[in-house]
Amino acid sequence: MKWEGNRQSDNVEDRRSSGSGFGGGGMLGGRSIGIGTIVVALVGGWIFGINPMTILSMLSGGAPTAQVQQGPAQRPPADDRMAGFVSTVLADTEDVWKDVFAKGGSTYQEPTLVLFRGATQTACGQGQAAMGPFYCPADRKVYIDLGFYETLQKRLGAPGDFAQAYVIAHEVGHHVQNLLGITGKMDQMRGRISKVEYNAMSVRLELQADCFAGVWANQAQRARAILEQGDVEEAMNAAAKIGDDALQGGGGKVVPESFTHGTSAQRARWFNTGLQQGSVKACDTFSARNL
């Protein structure tokens, strides 16, 4: 992926030097994560691309908690290569989605990317590295412990810088859904439909975020020619490695009714749909008969 020398985003907050300040593995806001019910456990206890509404469901009453005040936001060190990489990818998503929203007659509101180690407080409760990267709709921030990239490569078998970029683009896709009101509509459905039905809707939400990541890749390639040989295969492989069937299969029995993110084939297909067509309209997973 061609990224060095490109613009870096100013919307990156570095909390890594402050320490986690929070204990309690497997807990969010004083409640257990509930791995066996709503979210899909990764091998070794890691969770990737967690549904933003799943985060909210872990909290008391399903509502966002008050945002805990942090100290002054710090920028990553200039010589931190990995921080520079994610800052560049975030900037590229900003450029793409600003243009997409402008063409649609609206204004794109940029999210903040928070770098942390171990655990950090969010407006959706306590976030932990074990959750993998996630987006909190209540504060419009993407959170990532960069140690996840080692897990992505070594445990999940999805190496490559474009696979890492896909991770950021997927979470930004959730931010786009939040701006479009899709996340809010999902939240309104909570409690009105069965758990199985909600899981099915969650799959469509996640696949749409994958498709939005593909839209970003399409538009960025057209504007800045960022792709190198093998990049698309890296992203497709990453999408496949984090399918519900692949993750559950590593732990034993596969339970389709519990899927919340989609199968490997579905995730790869919808990323590729966005990549090939480059259109938000092509990402209407909620109307699609076949996922």
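So, a few notes on the structure that sits alongside this text. Predicted, not measured: the structure shown is a model, and the values here were computed from it.

## A few points about the overall build of the protein chain
Line of reasoning, step 1. Across its full length, the protein chain holds 9 helices and 8 strands.
Line of reasoning, step 2. Relative to its 291 residues, the protein chain shows a buried fraction of 53%.
Line of reasoning, step 3. Residue pairs in contact within the protein chain that sit at least 24 positions apart in sequence constitute 76% of those at least 6 positions apart.
Line of reasoning, step 4. Accessible area for the protein chain stands at about 12200 Å²; split by element, carbon and sulfur atoms hold 49% of it.

## Observations concerning the pairing of strand 5 (residues 119-122)
Line of reasoning, step 1. Burial along strand 5 is two-sided: the residues A119 and Q121 and T120 and T122 are all buried.
Line of reasoning, step 2. As defined by bridge partners, strand 5 adjoins strand 6 (residues 125-128) across 4 bridges and the pair is classed as antiparallel. The partner of Q121 across the bridge, within strand 6, is Q126.
Line of reasoning, step 3. Count of turn residues in the strand 5/strand 6 antiparallel hairpin: 2 residues.

## So, the nonpolar core
Line of reasoning, step 1. Judged by nonpolar contacts, the single largest core of 54 residues is most densely connected at M1, W97, L113, Y149, F162 and W216.
Line of reasoning, step 2. Listed by contribution, the elements that provide at least two residues to this core are helix 2 (81-103), strand 4 (112-115), strand 8 (141-144), helix 3 (148-154), helix 4 (161-179), helix 6 (195-224), helix 7 (231-241) and helix 9 (264-277).
Line of reasoning, step 3. Setting aside its immediate chain neighbours within four residues, M1 contacts F85, V89, D161, F162, A165, W216, I226, E228 and D231.
Line of reasoning, step 4. By size, the runner-up hydrophobic cluster in this structure holds 9 residues, among which are A123, C124, M131 and C136.

## Concerning the environment of A91
Line of reasoning, step 1. Considering the arrangement of structural elements, one finds A91 in helix 2.
Line of reasoning, step 2. Residues A91 and N6, spaced 85 residues apart in sequence, show a C-alpha to C-alpha distance of 8.6 Å.
Line of reasoning, step 3. Here A91 is in contact with R7, Q8 and S9, once residues within four sequence places are set aside.

## Quick notes on the environment of Q208
Line of reasoning, step 1. With respect to the helices, strands and loops of the structure, Q208 is situated in helix 6.
Line of reasoning, step 2. Sequence separation between Q208 and T273 is 65 residues, and the spatial gap between their C-alpha atoms is 10.0 Å.
Line of reasoning, step 3. Not counting chain neighbours up to four residues away, the residues in contact with Q208 comprise Q177, I182, C283, D284, T285 and F286.

## Considerations on the packing of helix 4 against helix 6
The description of two helices packed together rests on the angle between their axes and the distance between the axes.
Line of reasoning, step 1. At a minimum axis distance of 7 Å, the contact between helix 4 and helix 6 shows a crossing angle of 115°. With respect to the hand of their crossing, helix 4 and helix 6 are arranged in right-handed fashion. For the pair helix 4 and helix 6, contact is made by F162, A165, Y166, A169, H170, G173, H174, V176 and Q177 and by L205, E206, Q208, A209, D210, F212, A213, W216 and A217, respectively.
Line of reasoning, step 2. Residues of the contact of helix 4 with helix 6, tallied by class, amount to 11 nonpolar, 5 polar and 2 charged.

## Re the state of the cysteines
Line of reasoning, step 1. For the coordinates displayed, the defined rule picks out 2 disulfides.
Line of reasoning, step 2. Between the sulfur of C124 and that of C136 lies a disulfide, 2.1 Å long from S to S. Judged by the torsion about the S-S bond (90°), the C124/C136 disulfide is right-handed. On the criterion of sequence distance, the pair formed by C124 in the loop between strand 5 and strand 6 and C136 in strand 7 (residues 134-136) is long-range, its members being 12 residues apart.
Line of reasoning, step 3. For C124, a relative accessible area of 0% gives the class buried.
Line of reasoning, step 4. Judged by relative accessible area, which is 0%, C136 ranks as buried.
Line of reasoning, step 5. One disulfide bridge connects C211 with C283, the sulfur atoms lying 2.0 Å from each other. Disulfide C211-C283: torsion about the S-S bond near -75°, hence left-handed. Residue C211 is located in helix 6, and its partner C283 is located in the segment after helix 9; the two are separated by 72 residues in the primary sequence.
Line of reasoning, step 6. The exposure class of C283 is buried, given its relative accessible area of 0%.
Line of reasoning, step 7. The connectivity of the disulfide-linked cysteines in the protein chain, indexed sequentially, is 1-2, 3-4.

Rules used in this analysis
Residues numbered from 1 in each chain as written. Predicted model: local features only at pLDDT ≥ 70, side-chain atom pairs only at ≥ 80, totals over all residues. Heavy atoms only, no water. Helix = DSSP H or I, 4+ residues; strand = E, 2+ residues; numbered from the N terminus. Buried < 20%, exposed > 50% of the residue type's maximum accessible area, 1.4 Å probe, protein only. Contact = heavy atoms within 4.5 Å. Areas by Shrake-Rupley, 256 points an atom, 1.4 Å probe, with all protein chains shown as cover. Pairing = 2+ DSSP bridges. Core = buried A, V, L, I, M, F, W, Y, C linked by side-chain atoms within 4.5 Å. Axes fitted to C-alpha atoms, helices over the stretch in contact; angles between N-to-C directions. Left-handed = near helix turned anticlockwise from the far one by under 90°. Nonpolar A, V, L, I, M, F, W, Y, C, P; charged D, E, K, R; others polar. Disulfide = S-S within 2.5 Å.

Read these as layout, nothing more, since geometry by itself doesn't imply function.
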